[in-house]
Amino acid sequence: MDEKFDCIIVGAGVAGLAAAMTLARNNMKFLLIEKGEFPGSKNVSGGVLWGSDLAKLVPNYWEEDAGWDRFINHRRLTFMDDQSTFSVDFKSSHFNQTPYTGVVVLRSKFDRWLAEKVEEAIAESDYAMDSFIATNILVEEVLMEDGKAVGIRTGEEKFYADSVIIAEGVNNLLTRQVGLQDSYVPADHMLTGIKEIIRFDQNVLEDRFQLNGRSGMSNEFVGFATDGVEGGGFLYTNKDTLSLGLVLGLKDLREKGKKPYDILNTFKKHPVISDMIQGGEVVEYSAHIVSSGDKRVMPKKLHTHGLVVCGEAANLLMNAGKAIQGMDYAMRSGILAAETIVENKKTDDFSESAMKKYQNRLDDSYVMKDINNFQDAVHLLHDPVMTQKIPNLICDFGRNFFSIKNEPTKKAREMMSDSIKEHASYWELLKLGVKGGKAL
Ligand SMILES: Cc1cc2nc3c(=O)[nH]c(=O)nc-3n(C[C@H](O)[C@H](O)[C@H](O)COP(=O)(O)OP(=O)(O)OC[C@H]3O[C@@H](n4cnc5c(N)ncnc54)[C@H](O)[C@@H]3O)c2cc1C
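Small disclaimer: the values here were computed from a predicted structure and weren't measured.

Visitor: Is there a simple way to think about the domain arrangement of the protein chain in this case?
Guide: Quite often, the size of an interface is put as the accessible area lost when its parts meet. Domain annotation of the protein chain identifies domain 1 (5-68 + 105-185 + 294-373), domain 2 (188-291) and domain 3 (383-439). Using only C-alpha atoms to locate each centre, domain 2 and domain 3 end up separated by 26 Å. Between domain 2 and domain 3, the residue contacts involve six residues of the former and four residues of the latter. Taken as a group, Val-222, Gly-223 and Gly-228 account for 73% of the area that domain 2 buries against domain 3, more than any other trio of residues on that side. Between domain 2 and domain 3 we count zero salt bridges in total. One can count one residue pair in polar contact (both at pLDDT 80 or more) joining domain 2 with domain 3. Taken together, the residues of the side of domain 2 that touches domain 3 break down into two nonpolar, four polar and no charged.

Visitor: I tried to follow unusual backbone geometry on my own but got confused; where do I start?
Guide: Backbone torsion omega between Thr-98 and Pro-99 reads -5°, so that peptide bond is classified as cis. With respect to the helices, strands and loops of the structure, Pro-99 is situated in the loop between strand E5 (85-91) and strand E6 (102-105). Of note in this structure, Asn-136 is not a glycine but carries a positive phi near 65°. The exposure class assigned to Asn-136 is exposed, which follows from its relative accessible area of 54%.

Visitor: Would you mind showing me how to read the packing of helix H9 (residues 327-347) against helix H11 (residues 366-373) here?
Guide: The packing of two helices is summarised by the inter-axis angle and the distance between the axes. Interaxial distance between H9 and H11 falls to 9 Å at its minimum, and their mutual angle equals 135°. Relative to H11, the element H9 is oriented oblique. Contacts between H9 and H11 involve Asp-328, Tyr-329 and Arg-332 from the former and Tyr-366, Val-367, Asp-370 and Ile-371 from the latter. Classifying every residue of the contact of H9 with H11 gives four nonpolar, no polar and three charged.

Visitor: What's the story with helix H10 (residues 352-364) in this structure? I'm lost.
Guide: An α-helical segment advances 3.6 residues per turn. Residues three or four places apart therefore align on the same side. End to end, H10 covers 19 Å across 13 residues, agreeing with the expected 18 Å (1.5 Å per residue, within 8%). Listed in full, the buried residues belonging to H10 are Ala-354, Met-355, Tyr-358, Gln-359 and Leu-362. On its buried face, H10 is in contact with strand E10 (157-166), strand E16 (303-304), strand E17 (307-309), H9 and H11.

Visitor: Please clarify how the pairing of strand E14 (residues 241-249) should be interpreted in this entry.
Guide: The two faces of a sheet get side chains in turn, since along a regular strand they alternate between them. The buried fraction of E14 is high, at nine of nine residues. Of the two faces of E14, the one carrying Thr-241, Ser-243, Gly-245, Val-247 and Gly-249 and the one carrying Leu-242, Leu-244, Leu-246 and Leu-248 are both buried. Here nine bridges tie strand E11 (residues 190-199) to E14, and the two strands are oriented antiparallel to one another. Pairing of Ile-198 across the sheet is with Leu-242, part of E14. Where strand E13 (residues 231-237) and E14 come together, seven bridges link them in antiparallel fashion. When the sheet's bridge partners are listed, Gly-232 is paired in E14 with Val-247.

Visitor: Looking at this model, I keep getting lost on the site of the ligand. Mind explaining?
Guide: Around the ligand, a shell composed of 36 residues is seen, among which Glu-34, Val-48, Arg-107, Glu-312 and Met-327 lie nearest. Within the side chain of Glu-34, one N or O atom sits 2.6 Å away from an oxygen atom of the ligand. Contact distances for the ligand include 2.7 Å between an oxygen atom and a side-chain N or O atom of Arg-107. For the ligand, whose unbound accessible area comes to 1,000 Å², protein coverage reaches 96%. For the shell around the ligand, the elements supplying multiple residues, two or more each, are helix H1 (14-25), E13, strand E15 (281-291), strand E19 (324-325) and H9. For the shell around the ligand, the residue count by class is 18 nonpolar, 12 polar and six charged. When we break the shell around the ligand down by domain, the ones giving at least three residues each are domain 1 (5-68 + 105-185 + 294-373) and domain 2 (188-291).

Parameters at a glance
- Residues numbered from 1 in each chain as written.
- Predicted model: local features only at pLDDT ≥ 70, side-chain atom pairs only at ≥ 80, totals over all residues.
- Heavy atoms only, no water.
- Domains from an automatic or database assignment.
- Contact = heavy atoms within 4.5 Å.
- Buried area = accessible area lost by both parts, 1.4 Å probe.
- Salt bridge = Lys/Arg side-chain N within 4 Å of Asp/Glu carboxyl O.
- Polar contact = N/O pair within 3.5 Å; in protein donor to acceptor, adjacent residues only side chain to side chain.
- Nonpolar A, V, L, I, M, F, W, Y, C, P; charged D, E, K, R; others polar.
- Helix = DSSP H or I, 4+ residues; strand = E, 2+ residues; numbered from the N terminus.
- Buried < 20%, exposed > 50% of the residue type's maximum accessible area, 1.4 Å probe, protein only.
- Axes fitted to C-alpha atoms, helices over the stretch in contact; angles between N-to-C directions.
- Parallel < 35°, antiparallel > 145°, perpendicular 65-115°, else oblique.
- Expected span 1.5 Å × (residues − 1).
- Pairing = 2+ DSSP bridges.
- Near = heavy atom within 4 Å.
- Areas by Shrake-Rupley, 256 points an atom, 1.4 Å probe, with all protein chains shown as cover.

What follows is the structure, encoded as structure tokens:
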């Protein structure tokens, strides 16, 4: 292949596929390279793709059976101690309407399906015979000439393009190679995500979680779930399986000498969780690094001459307690990266300042606005008072509040005061309240 492409995209995850779809729809000639056997084969995700950007890429996707498993109309945030759970639970038929607020996806299925949609868009474009998705190929190097990205190298082969989109995910070796990310990323800003897929008879799953048709539930957990380690737990209902997993701070794991799989096993033995997963069969186990959403770990810049970085390669992710948002950020940033390339192609200008338009678009989007606005909340979620003491305190209060004894009952505020004395100090709560007020 000697000809030059308008763009080469590295990585067929959510970001790369969103970029590819946008390029195909705009009649650009591109090469998308994925190291996995097929798109999605290397990807792990607990699985809710939030927001409505998917409908921009595949209009009316909800009319198709493929790709996604369930839409979310039931959300739950659970505080847990070793015996009890106390949940904030929200279910609404508002969320039954399209475009959905979130859909559960299993990445090996979803990425493959989205790649098929990209192939369809390529077939309808002016470059039906000249744009490609190539799998099973590892990009080893971004080719730079005089500070400008001109293509990529895979083994002995070199491919050239006007522009390169790096969408390689969190393990961003190429982003480091071109000097946009420091070569050493501190473990404080990284977590490990582990997940099991647990299979059920579909009727059992639907009865147990009150699912109707394709409706689904997402449940996040704080407290005992992580056995004293920074992080949280999650449970999502797929079609006939559950995704159950944890995200755990790497530094904290190392300092406390704990192993992710032991923590997951303890989580599964919790009386409330074991009731939820009873009778299920573990059919898959996976682990993957995940960004903490701390802005300090983002690359210094997301562009250089001829190149932009998007998705989790740029550490675009947020987890401020309400949800993990990585896939929707990847999708939007992939779209914005491709739109920038399309615009620059019109003037054949891929200079540093032309590529900076991507950064400007991203800054104007909800992605960077939310990352900037909710940094305090991200830090708060890593505060041990928030992740350990508060769940214990809330569960202790819940146990007292919901116990009916044949003896004089204390007022709720007295019960709360007892629980605070037992689990935290007023000073810690005051500090948390001030931080929380600022964060939210
Ligand atoms: C346990 C866990 C749970 C999560 N839960 C959620 C959730 O519920 N909701 C959510 O929105 N996000 C979630 N995330 C985060 C989300 O999965 C990521 O943010 C998202 O996948 C990032 O998309 P991406 O396209 O940037 O990168 P990826 O999805 O990682 O894709 C990168 C692709 O690039 C390929 N690649 C890498 N290097 C090369 C190379 N040199 N050559 C060729 N190909 C290459 C990889 O094989 C991969 O296919 C979770 C993550 C984990 C680990």
